[in-house]
Amino acid sequence: MTALTLSLHAAIADIPATEWDACAGSDNPFVSHAFLSALEDSGSTGRRTGWLPQHAAIRDAAGRLLAAAPMYAKSHSYGEYVFDHGWARAFEQAGGDYYPKLQVAVPFSPVPGPRLLVRDDVADRPGLRQALAGALRQAGDELGVSSVHVTFCTEDEYTLLGEAGWLQRLGVQFHWDNRGYASFDDFLATLASRKRKVLKRERRDANQCGLTFRTVQGRAITADLWAHFYRFYTATVDRKWGSAYLTPEFFPLLSERLGDRVVLMLAERDGTPVAGALNLMGTDTLYGRNWGSDGDYPFLHFELCYYRAIDFAIAHGLRRVEAGAQGQHKIQRGYRPTPTYSAHWIAHPGLRRAVADFVVHEREAMLHEMAELDAQSPYRAAGED
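Notes on the structure follow. Please read all numbers here as calculations on a predicted model, not as lab measurements.

Attention now moves to the side chain of T340. With respect to the element layout, T340 can be found in strand 15 (residues 336-346). In contact with T340, not counting residues within four places along its chain, are P112, F152, R169, L170, G171, V172 and Q173.

Attention now moves to helix 5 (residues 155-163). Within helix 5, the full set of buried residues consists of E157, Y158, L160 and L161. Around the axis of helix 5, the buried residues are gathered within 165 degrees of arc, so they sit on the same side. For helix 5, the exposed residues set more than 90 degrees away from the buried face come down to D156 and E163. Those residues of helix 5 hidden inside the fold are in contact with helix 4 (125-143), strand 8 (147-153), strand 9 (167-177), strand 15 and helix 11 (349-374). Looking one or two residues past helix 5, G165 carries a phi angle of roughly 95 degrees, positive in sign.

Let us now look at the sheet that holds strand 5 (residues 71-74). Spatial strand order, 2-5-6-8-15-9-14-13-12-11-10: 11 strands in an open sheet with mixed pairing. Because the sheet does not close on itself, it has two edges, and the strands there are strand 2 (51-53) and strand 10 (212-217). The mean inter-strand angle of the sheet, taken between neighbouring strand axes irrespective of direction, is 30 degrees. Across 6 bridges, strand 12 (residues 272-281) lies against strand 13 (residues 285-293) in antiparallel orientation. Its bridge partner being in strand 13, A277 is matched across the sheet by W291. Where helix 5 meets the sheet, its contacts fall on strand 8, strand 9 and strand 15, and the angle it forms with strand 9 comes to roughly 170 degrees. In this fold helix 9 (residues 250-258) packs onto strand 11 (262-269), strand 12 and strand 13, with an angle of close to 45 degrees to the strand it touches most, strand 12.

This brings us to the pairing of strand 6 (residues 101-104). Residues of strand 6 alternate between two faces, with K101 and Q103 on one and L102 and V104 on the opposite face, all of them buried. Pairing between strand 5 and strand 6: 4 bridges, direction antiparallel. Counted as the bridge partner of A73 is L102 from strand 6. Pairing between strand 6 and strand 8: 3 bridges, direction parallel. Within strand 8, the residue paired with V104 across the bridge is V150.

The rules we used
Residues numbered from 1 in each chain as written. Predicted model: local features only at pLDDT ≥ 70, side-chain atom pairs only at ≥ 80, totals over all residues. Heavy atoms only, no water. Helix = DSSP H or I, 4+ residues; strand = E, 2+ residues; numbered from the N terminus. Contact = heavy atoms within 4.5 Å. Buried < 20%, exposed > 50% of the residue type's maximum accessible area, 1.4 Å probe, protein only. Arc of directions from axis to C-beta. Pairing = 2+ DSSP bridges. Axes fitted to C-alpha atoms, helices over the stretch in contact; angles between N-to-C directions.

See the structure below:
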């Protein structure tokens, strides 16, 4: 392999969008230059939120960008959805400094996707991924951080990093798979009779509470609609005792830069929005992100975030709906437990041994849990009505 150089960048703007996106590809909007720059330019990432960009870039001798990774220096573990607070406490109680650390991730977005980004037109893509994995460790060593974390990566990256000695961790989300359905009713027909009746009742009740529904995409989402949605977003954050990392400026930038890949589903009363669900559309997947409402309406969350997402996916020929982190209640609505992957490089030998033991037992428990969750599937068995 030709001589390679690693550089770290304190802003995604330091890397031309065409070069970054040649590595990121077009399948997953969350690793696009447009999404990451909207986070930075809106002030959603940066010193205020403690996500300091340190994007990794590998170039050849001619200066061409061959591989990259969205990376951040962090002094906390918030906004990640792969929890290592216990590791931090244990290390600090033993006299170590867990922070700062490096996080290879999409901030505030528990969305699986590629993290070791490599151009499609290079001859040795696996070799470059391995080189990038080594470069991330090198960056951690040179910066003197305790650890490097690659979260919500692909299964292939998880395997590659495991083979390179990184500690592997499993999680679970709930995704809906489109089995070639022609309509929502076609999907319902695959459910057991009792489960099918529940979904029909929930949709009926949500649609009989005096609301109208519509879907708006890209630049058709006006500043007024984004102002309403930001209110919904902060209301949800307040109810969950979280932090409003995303600024009001982020959402308009998103639709400006990603266009029709931004899908906003709205519920309105007398023409005024009262609830909204934000989705991003990839090549074959609809990704559910944020949601909120002005009041309590029966089954409105299920209707806006799950059922209308399924409707949209079927209408647009999408293969999957990923409805975000957590939520075992999604199972009864047709979303199946699906593993998520992360990999962790721990520099300190003692902490590394302790974490290695922890993740082995955690993986065993997670696989057992996923099997139990899958047994709760609402889909009818062969011969069942």
